[in-house]
Amino acid sequence: MAVTSTEDDHDEQGRPSAWEAAWEVLAPVTDLITPMAVRVAASLRLTDLMADDAVPVEELARRSDTNADALGRLLRHLVCRGVFTEREPGRFAVNEPAALLASDHPSGMRVRLDLGGFGGQMDLAFTGLLHTVRTGQPAWETVFGAPFWRYLAANPEMSVSFDAMMAGGADYVADAARGYDWSGVRHVVDVGGGTGALLAEVLRANPDMRATLVDLPDTVDRGRQYLAERGLDTRCEFIGQSFFDPLPAGGDAYVLRRVVHDWGDEDALLILRRCADAAGQHGRVIVIESHGSSGDHPAMFAEMDLRMLVLSGGRERTVEDYIAIAAEAGLDLADVHSTALGHVILDCTPLGP
Ligand SMILES: C[S@@+](CC[C@H](N)C(=O)[O-])C[C@H]1O[C@@H](n2cnc3c(N)ncnc32)[C@H](O)[C@@H]1O
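Because the structure is predicted, anything quoted here is derived from the model rather than measured. (Residues numbered from 1 in each chain as written. Predicted model: local features only at pLDDT ≥ 70, side-chain atom pairs only at ≥ 80, totals over all residues.)

Visitor: Run through the environment of Leu49, naming residues and quoting values.
Guide: Looking at the element boundaries, Leu49 is found in helix 3 (residues 46–49). The exposure class of Leu49 is partly exposed, given the 17 C-beta atoms found within 10 Å. A C-alpha to C-alpha distance of 42 Å links Leu49 and Gln241, two positions 192 residues apart in sequence. Beyond its immediate chain neighbours, meaning those up to four positions away, Leu49 contacts Leu60, Arg63 and Ser64. (Helix = DSSP H or I, 4+ residues; strand = E, 2+ residues; numbered from the N terminus. Buried ≥ 20, exposed ≤ 12 C-beta atoms within 10 Å, placed from the backbone. Contact = placed C-beta atoms within 7 Å.)

Visitor: Explain the site of the ligand residue by residue, including any values.
Guide: Every one of the 16 residues lining the ligand counts as a neighbour, but Met166, Gly192, Gly194, Arg257 and Arg258 are closest to it. Within the shell around the ligand, the residues separate by chemical class into seven nonpolar, five polar and four charged. (Near = placed C-beta within 6 Å. Nonpolar A, V, L, I, M, F, W, Y, C, P; charged D, E, K, R; others polar.)

Visitor: Explain the sheet that holds strand 2 (residues 85–88) residue by residue, including any values.
Guide: Within a beta sheet, neighbouring strands are joined by backbone hydrogen bonds and run either parallel or antiparallel to one another. With respect to topology, three strands assemble into an open sheet ordered 1-3-2, the strand pairing being antiparallel. The sheet is open, and its two borders are formed by strand 1 (55–56) and strand 2, each paired with just one other strand. In this sheet, strand 3 (residues 91–93) lies alongside strand 2 in antiparallel orientation, the contact comprising three bridges. Pairing of Glu88 across the sheet is with Arg91, part of strand 3. (Pairing = 2+ DSSP bridges.)

The structure is reproduced here in structure tokens:
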């Protein structure tokens, strides 16, 4: 096996070799070992399992049902990268970065990185990025054997995990709910509303409002339970259907939060048309997206844009893109603004005759 020795990587004057100089620059953006190692630690809940004290690796292997030798080698790598400490040979403990991986940490980071849940799965889809760039097609299908939404429908556990991730981040959901003036809205329809996290916030803040949750049937069933647990289900109707089919008419506002960016232009237009048709001449369509559609956060925009492409063939759009697509759907962009936590809210009304 060929190995590269750093000692050999200097010339006679002690200057780094071309390989070493290049590696220094590229290592931070190319290393796959550490990101995988952190995900494995999160998946195995190592922080939870050594919360009490420094734990001998054999005991930790017993607790995590893993191979002690391999686990020790994983941890030693992570220790070198600053995650966990080795208090004495073979005894590992949680340090500050490792504490972020606790199941009860408010960031929810452990679940996000768990390779057995949707967060980890979403990251693994990027092993197919080369295919996506060559073909323009989402990698998800080649990596997991079925297109994104069909895969979720066929894997209920992953679908539950996806719904939970969408409903997570209470501050962020509250930010979207607070970001719109709901005073003229008596009946809100959340289209592709997931399990109803946004509706719960909006209904709680507006006691006279009623709502309709539209999503795929299994997700709507979970939504019924979610809103019932919060005592809000009696003010909500639950409709399990595709948003590519005609939507229930008569709402004052049709909300699409983080829905349009899941889809390519043709599908996005159809969804917006369905909302515009249902809203009629008196309703409005509120598109809520994130990650700098307003141009404020180009790096987040670019990352999410690539993510949408790899997962489902969707894309992030600028405000100008939304104005164009909304016009095609018969909608006029009446107002656009950003919220404190970076949602972009596009308030659309029917185009005049
Ligand atoms: C990215 S999630 C956003 C969920 C929620 N609006 C939010 O912001 O958390 C997209 C939602 O679209 C739903 N969805 C996907 N395809 C759908 C379809 N054909 N008809 C109805 N809902 C669909 C998914 O089940 C999911 O809840």
